[in-house]
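Chain and residue survey
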Amino acid sequence: MDRRFLTVYWRDMLRYVRFRALLFSSLVQPALWLAFFGIAMSSSFDAIASQVPTVPGIPRVGYLTFMCAGVISMTTLFTSLFGGMSLLFDKNWGLLREVMAAPMARSNIVLGMGLSGITKSCIQAGIILLFGLLLGVRFFDGYSPFQTVIAIVGILGFVSVFALGFVFLSAAIALSMESPEGMQGIMTLLTMPIFFASNALYPIEAFPPVLQMVSAINPLTHMVTGIRYFAIGPEFSAIGRTFTYSTTDLMVSFGALCLFAAITFALALYRVRVARIT
Amino acid sequence: MQEEVIRVDGLSHRFDDLIAVDNVSFRVHSGEVFSFLGPNGAGKSTVINVLTTLLPIQEGEVVIAGRDLRREPDRIREAIGIVFQEVTLDRDMTVAETLEFHGRLYGLPRAERRERVDELVTLVELEAKRDVLIKYLSGGMKRRLEIARGLMTRPTVLFLDEPTIGLDPQTRSRMWDYLRGVNKEGTTIFLTTHYMDEADQLSNRIAIMDNGRIITEGRPYQLKNALGQDLIYLETDDNGRTQTVLGTQPSVTGVRRKGAAGLLVTISEDGTRILPRLLETLRLDGVTVTGINMKKPSMDDVFMHHTGREIRDEGPESFGAVRSRRR
Ligand SMILES: Nc1ncnc2c1ncn2[C@@H]1O[C@H](COP(=O)(O)OP(=O)(O)OP(=O)(O)O)[C@@H](O)[C@H]1O
Ligand SMILES: [Mg+2]
C-alpha cells in the first residue's frame, strides 16, 4: 500500500507547529468564544430557564454546557475549511508543482490533508473540552471513568469525520480558485449559513420550516447532535426545553457525516486529478 | 551509436488556438548535455512540461529512459529529476526538510534518504544552511538547493529549465561545475537557457527553437562553423550600396544590418585574405568605409542568425516590438 499520504501529512504538521502565533491563536480563540460569548449568554439564558420547572428524572444543564458542543463544532468547521487553503498557496507560490510531478498517486495529497485536518481539529477539540470543564461546562456529569473515555472517543470520532468532510471540500475549492482573497470570500459565504442554520447555539424546533430543513441536512447539526449525545447524554433539558437524542438519531447523524465526507472526498480527488500545475 | 535516453517524434502542443510547440523531433543520447535555446515564448518550457508529464501529451511520440510517455508516465517520473523555471520551494521549510520531503515523495528508503541529503548538501555547498529556513537563503542558494533536490533520486535524466537565471557570474560558473560533475557521473542533462556562453560551454549538442519549432540543431562548433569562418562588421557612408555590392561577391554568404549604422557580413573563406579584396571592391564603387571589425562567430551570432534577433530579457514590450517587425 502507498503510504505517502504520511509524507504530505508530515509536511503539513511541520508547518502547523512552525507558525507559533497561528497555532497559539487557533487554540486560544475558541476558548475566548467560550469564555466571553458563553458566559455572557448563559447569564441571561439561565435566568430565563430557571423559571421553567424541572422535569423530574431529566438532568438540566446550563447554557454554557449547551453551547460548548456548538463551539467545538464551529472551531472544527473553521479550521477544516481553512485546511485546504495551503493547497492554494502551494499552487500559486510553492510546492504543489513539485508534489504533482512526483511518481505518487494524487489521492495521497487529499488523504494527507485530511489526516492533518483530523489532527488539528482533535487537538483543538481537546483544548476546548479542557478549558470548558475549567470554566464550569458540565460535560460527562456523573459518568464513570470508563463512560468518560467512551464519550471522548465518541466526540473525537464525530470531530474527525466532520473535519474530513470540510477539509476535502476546502481542498476542492482551493484547487478551483485563483486567489486567496476569492477563497476567503467563498469561506465566509459558506460559514455563515452553516453556523447559524444549525442547532449549535439554539434549538432548531422554533425555526421556520425552510430553515428547519436546511438545518436537518446541515453537517454541523449532525456534528452537534453527536457531541451532545456523548458529552451530556441522550436526554437533558436546557434553555427551558427538553432534548432527546435516540441511538438511531446518533447513527443517522454519524452516517450523514460519513456520507458528506465521502462526497467531498470524491470531489477533492477529482479536482486534484484534473489539476494542471505548470 | 550511443543509447537514446530521450526520443521525441512529431511533438506538438497547443493552448486553445495557440500552437506553442509545433512538430518537434529530437534525440538525446545517454551521457549528453543537450540544450534548448530560444527567445521568450519559443516553447521551451512547454516541451519540458510535456516531457516531465506535467502537461498531457497531445500529439507525437515521446520515449524517455525506455518508457513510453503515454503508457508509463509514472515510470518516467521515477527516472527523471526536474528543476523548474520558477522557484518551487516552500519558504517555511529548511534545506534539509526540503530534500527529505522530496526523498519521501519519491519513495526512497530512510537510510538512503539520509545519505543522499548529506551528500547533496555537501555537493552544492549548503552545509552551513542545512537547518535554515528557505526564506533566509539567497537566490543562488535556492537555485542550488533545487538542483540538489533534482538529484536526490539519482535520475537518469535531469531536466533544468533555465537553471542559472538571475545568478551572478561566479555562482553561474560554479553551477556549471556542479552540472559538469553530475554529468560526468552519468546523468544525462537536458537544459534550456538564455545564456549563449552557457549553452556553448556546457552542451554537447544544442537545438535552437523559435515559434514552437526547432530551427537548427548540432554541436556548438558545427553551428558556429555553419555561419562561415569569420564575421565582418562594417560601417560605411552608404550601407544600401554596400549591401548590393557585397551581395555579388562569391565569397560572401550573407549581409545583414546590425545596429543602427552597421552591417554584418558572413563569408565562406579566411577573412584575413578576403577582407582586403572586399575593401578594394567597395572603394572602387565609391563607398567609404568608416569602421571595421572582424571576429570568429560566437553562439550569439548563431542565435541571431537563426532567430533574426539577439536574445533579450527586457520583458514583453521589447518582445512585442520584435515580434511585429518579423516576417
Ligand atoms: N498554461 C498556458 N496557457 C496558455 N498559453 C501558454 C501556457 N503556457 C505557455 N503558454 C504559451 O505558450 C508559448 C510558449 O511558452 P513557453 O513557456 O513554452 O516558452 P519558453 O520558450 O519557455 O519561454 P521563456 O524563455 O520565456 O521561458 C507562449 O506563447 C506562452 O504564452
Ligand atoms: Mg520557459
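Residues numbered from 1 in each chain as written. Chains lettered and ligands numbered in written order. Predicted model: local features only at pLDDT ≥ 70, side-chain atom pairs only at ≥ 80, totals over all residues. Heavy atoms only, no water.

Structural notes on the nonpolar core
Going by this rule: For the purposes of this section, nonpolar cores are sets of buried Ala, Val, Leu, Ile, Met, Phe, Trp, Tyr and Cys residues that join through side-chain atoms within 4.5 Å. Burial classification: accessible surface area is computed with a 1.4 Å probe over protein chains only, and a residue below 20% of its type maximum counts as buried, one above 50% as exposed, and the rest as partly exposed. Counting from the N terminus, the helices are the DSSP runs of H or I reaching at least four residues and the strands are the DSSP runs of E reaching at least two.
Counting 114 residues, the largest nonpolar core has Ile6, Phe26, Leu51, Phe159 and Phe190 of chain B as the members making the most contacts within it. With 15 residues, the single largest contributor to this core is helix H7 (residues 145–176) of chain A.

Digging into the side chain of serine 116 of chain A
All names here are of chain A. Applicable threshold: Identification of polar contacts relies on pairs of N or O atoms within 3.5 Å, with a donor-acceptor requirement for protein atoms, meaning one able to donate a hydrogen and the other able to accept it, and with residues adjacent in sequence counted only if both atoms are side-chain atoms. Any two residues whose heavy atoms approach within 4.5 Å are treated as being in contact.
Residue placement: serine 116 occurs in helix H6 (residues 107–135). Among the polar contacts made by the side chain of serine 116, one reaches the side chain of aspartate 12 at a distance of 2.6 Å. When near neighbours in sequence (up to four residues on either side) are disregarded, serine 116 contacts Tyr9, Asp12 and Met13.

Here's the deal with helix H10 (residues 271–284) of chain B
Residues and elements named next belong to chain B. Formally: By this rule the span expected of a helix is its residue count minus one, scaled by 1.5 Å. Arc definition: directions from the helix axis to the C-beta atoms.
For H10, spanning 14 residues, the distance from its first C-alpha to its last is 20 Å, which sits close to the expected 20 Å at 1.5 Å a residue. Every buried residue of H10 is accounted for by Gly271, Ile274, Leu275, Leu278 and Leu282. In a view along the axis of H10, the buried residues occupy a sector of 110°, so they form one face of it. Seen from the open side of H10, the exposed residues pointing more than 90 degrees away from its buried face are Thr272, Arg273, Arg277, Arg283 and Leu284. Taken together, the buried residues of H10 touch strand S11 (230–236), helix H9 (239–247), strand S12 (252–258), strand S13 (262–267) and strand S14 (289–295).

Considering the site of ligand 1
Residue and element names in this part refer to chain B. Inclusion rule: Nearness is defined per residue: one heavy atom within 4 Å of the molecule or strand is enough. Only the protein chains shown count as covering a residue, and every accessible area follows the Shrake-Rupley method with a 1.4 Å probe.
Taken together, 14 residues lie near ligand 1, and Asn40, Gly41, Lys44, Ser45 and Thr46 sit nearest. In this structure, glutamine 85 approaches ligand 1 through a side-chain N or O atom, which is 2.9 Å from an oxygen atom. Residue histidine 194 places a side-chain N or O atom 2.8 Å away from an oxygen atom belonging to ligand 1. Within the complex, 64% of the 630 Å² of free accessible area of ligand 1 lies under protein. Residue assignment for the shell around ligand 1 shows that the elements contributing at least two residues are strand S2 (18–29) and helix H1 (44–51).

Some thoughts on unusual backbone geometry
Residue and element names in this part refer to chain B. In this structure, aspartate 16 takes a positive phi of about 50° despite not being glycine. Of note, aspartate 16 is situated in the loop between strand S1 (4–15) and S2. For aspartate 16, a relative accessible area of 76% corresponds to the exposed category. One non-glycine residue, asparagine 23, lies in positive phi territory at about 50°. Assignment of secondary structure puts asparagine 23 in strand S2.

Some points on the packing of aromatic side chains
The line we're drawing: In this analysis, rings of Phe, Tyr and Trp, with Trp reduced to its six-membered ring, are considered paired at centre separations within 6.5 Å, and the interplanar angle assigns stacked below 30 degrees, edge-to-face beyond 60, and tilted for intermediate values. Whether a charge sits over a ring depends on NZ of Lys or CZ of Arg being within 6 Å of the ring centre and within 35 degrees of the ring normal.
If you walk through the whole model with that rule in mind, you get 24 aromatic pairs over all chains. When the centroid spacing of 5.8 Å and the interplanar angle of 45° are considered together, the rings of phenylalanine 26 of chain B and phenylalanine 190 of chain B count as tilted. In this pair, phenylalanine 26 of chain B sits in strand S2 while phenylalanine 190 of chain B sits in strand S8 (residues 188–193), placing the two residues 164 residues apart along the sequence. A relative accessible area of 2% means that phenylalanine 26 of chain B is categorised as buried. Above the plane of the ring of phenylalanine 84 of chain B lies arginine 97 of chain A, whose end atom (NZ or CZ) is 5.1 Å from the centre. A cation over an aromatic ring shows up here: arginine 172 of chain B above the ring of tyrosine 195 of chain B, its NZ or CZ 3.9 Å from the ring centre.

Let's talk about the domain arrangement of chain B
Where we set the bar: The domain boundaries here were taken from an automatic or database domain assignment.
Domain annotation of chain B identifies domain 1 (4–223) and domain 2 (228–296). One C-alpha centre belongs to domain 1 of chain B, the other to domain 2 of chain B, and the line joining them spans 42 Å.

Some details on the sheet that holds S2 of chain B
All names here are of chain B. How we decide: Strands were regarded as paired on the criterion that DSSP finds at least two bridges between them. Think of each axis as a best-fit line through the C-alpha atoms, taken over the contacting stretch in the case of a helix, with angles from 0 to 180 degrees between the N-to-C directions.
One open sheet accounts for four strands, arranged S2-S1-S4-S5; its pairing is antiparallel. Looking at strand neighbours, the two that pair on one side only are S2 and strand S5 (67–68), the edges of this open sheet. Contacts from H1 reach S1, S2 and strand S4 (59–64) within the one sheet, and its direction differs from that of S1 by about 115°.

With respect to the coordination of the magnesium ion (ligand 2)
As a reminder, the rule being used: The rule for donors is simple: an N, O or S atom within 2.8 Å of the metal counts, and for Na, K and Ca the reach is 3.2 Å. Water is not among the atoms, so a site may look short of donors.
Taken together, Ser45 of chain B (OG) and Gln85 of chain B (OE1) make up the protein donors of the magnesium ion (ligand 2), found 1.9 to 2.1 Å from the metal. Here glutamine 85 of chain B lies in the loop between strand S6 (80–83) and helix H3 (95–105) and serine 45 of chain B lies in helix H1, a separation of 40 residues in the sequence.

Notes on the sheet that holds strand S7 (residues 157–161) of chain B
All names here are of chain B. If you walk across this open sheet you meet the six strands as S6-S7-S8-S3-S9-S10, and the pairing is mixed. The sheet is open, and its two borders are formed by S6 and strand S10 (213–218), each paired with just one other strand. Shown here is a sheet whose adjacent strand axes are inclined to one another by a mean of 15°, direction ignored. Pairing between strand S9 (residues 205–210) and S10: five bridges, direction antiparallel. Among the inter-strand pairings, methionine 209 is bridged to a residue of S10, identified as isoleucine 214. Against the sheet, helix H6 (residues 169–184) engages strand S3 (33–37), S7 and S8, with an angle of about 150° to S8.

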